[in-house]
Amino acid sequence: MKKDFVEGAKAATPIILGYIPVGIAYGMLAKATGLTFFKALSFSLFVYTGAGQMAAVTMLAQNAAYVTIVFTVFILNLRHIIMSTCIMEKMEKTSLPIRLLLSFGITDEVFAMSMTDKKINKLTPAFLAGLSLFCYLFWNVGSALGILFSSVLPSVVSKSLGVSLYAMFIGLLVPNMKKSIRLLCVVIMTMVVNWGLNQFLSSSLSILISTLGCALIGMCFISKEDLQ
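Quantities reported herein were computed from a predicted structural model and do not represent experimental measurements.

What is the right way to look at the overall build of the protein chain in this model?
Summing up its helical and strand segments, the protein chain has 13 helices and 0 strands in all. Overall, the protein chain shows an N-to-C arrangement of helices and strands of α-α-α-α-α-α-α-α-α-α-α-α-α. Within the protein chain, the proportion of its 228 residues that are buried is 42%. When contacts within the protein chain are restricted to residue pairs at least 6 apart in sequence, long-range pairs at least 24 apart make up 76% of them.

Honestly, the confidence of the model for the protein chain in this entry has me stumped. Any pointers?
Fine structural detail should not be taken from predicted coordinates in areas where pLDDT scores are low. Averaged over the protein chain, the pLDDT score is 81; the fraction of residues at 70 or greater is 82%. Across the protein chain, the element-wise mean pLDDT spans from 61 in helix 10 (residues 155-161) up to 94 in helix 9 (residues 125-148).

Would you mind going over the environment of A51 with me for this structure?
Within the element layout of this structure, A51 appears in helix 4 (residues 50-61). C-alpha separation for the pair A51 and Y26, spaced 25 residues apart in sequence, amounts to 9.4 Å.

Can you walk me through helix 2 (residues 13-32) in this structure?
An α-helical segment advances 3.6 residues per turn. Residues three or four places apart therefore align on the same side. The end-to-end C-alpha distance of helix 2 is 29 Å, a good match for the 28 Å that 20 residues give at a rise of 1.5 Å each. Looking one or two residues beyond helix 2, the residue adopting positive phi is G34, at roughly 100°.

Would you mind showing me how to read the side chain of T49 here?
Residue placement: T49 occurs in the loop between helix 3 (37-47) and helix 4. Sequence-distant contacts of T49, defined by excluding residues within four places in its chain, comprise V73, N77 and R79.

Reading guide: rules and limits
Residues numbered from 1 in each chain as written. Predicted model: local features only at pLDDT ≥ 70, side-chain atom pairs only at ≥ 80, totals over all residues. Heavy atoms only, no water. Helix = DSSP H or I, 4+ residues; strand = E, 2+ residues; numbered from the N terminus. Buried < 20%, exposed > 50% of the residue type's maximum accessible area, 1.4 Å probe, protein only. Contact = heavy atoms within 4.5 Å. pLDDT = per-residue confidence, 0-100. Expected span 1.5 Å × (residues − 1).

Right, here's the structure in full:
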């Protein structure tokens with residue numbers, strides 16, 4: 001169990017390299033909206049969703065109603081139901097309390113690493129705990145740094161930091177797309193659908209609909225072998 005936890009922590013390294021700069025970008029944005037250190041960091045500690053946190057602090061700056069903010073973040077995170085279900089099916093069986101606790105740490109990047117990394121021979125609760133815990137810790141480290149040093153770093157730096165997460169996620173996904181034509185088709189379909197919806201809807205809503213819709217379609221013809 002200890003060995004699996006350590007291996008999970010090591011596997012978190014590429015995700016951490018993306019989380020720290022994006023966490024800094026979030027912290028700077030949160031500070032710019034007028035949130036105190038405790039309130040801004042609480043989003044990372046208890047909400048823990050990059051896109052949801054960015055949307056929430058932006059809506060707070062626009063004086064949106066709390067009900068609207070909560071509903072928006074809830075909709076943005078519906079995809080986690082699908083991701084958690086897939087990971088729990090692949091992972092070794094464990095008790096419900098442990099599965100619920102581990103589900104909190106599942107993000108897009110943790111999901112991609114858990115489902116596609118060829119080095120993971122067997123997904124165990126201990127491995128997922130190590131992977132999720134260290135990603136969570138360093139996301140909060142990045143958030144704290146961004147809040148504390150928001151007045152030092154220029155805005156152009158904060159805007160450029162967000163690119164690293166996309167680059168890291170693409171790096172996790174591309175090797176598997178090269179080996180599975182069906183996975184590649186789902187990715188391309190998601191891109192096309194998102195681009196089309198973005199012509200008529202907001203970017204956040206376009207991403208939500210394209211992600212959930214194409215993920216559901218992909219579940220119909222992508223096998224576990226495509227993700228292993």
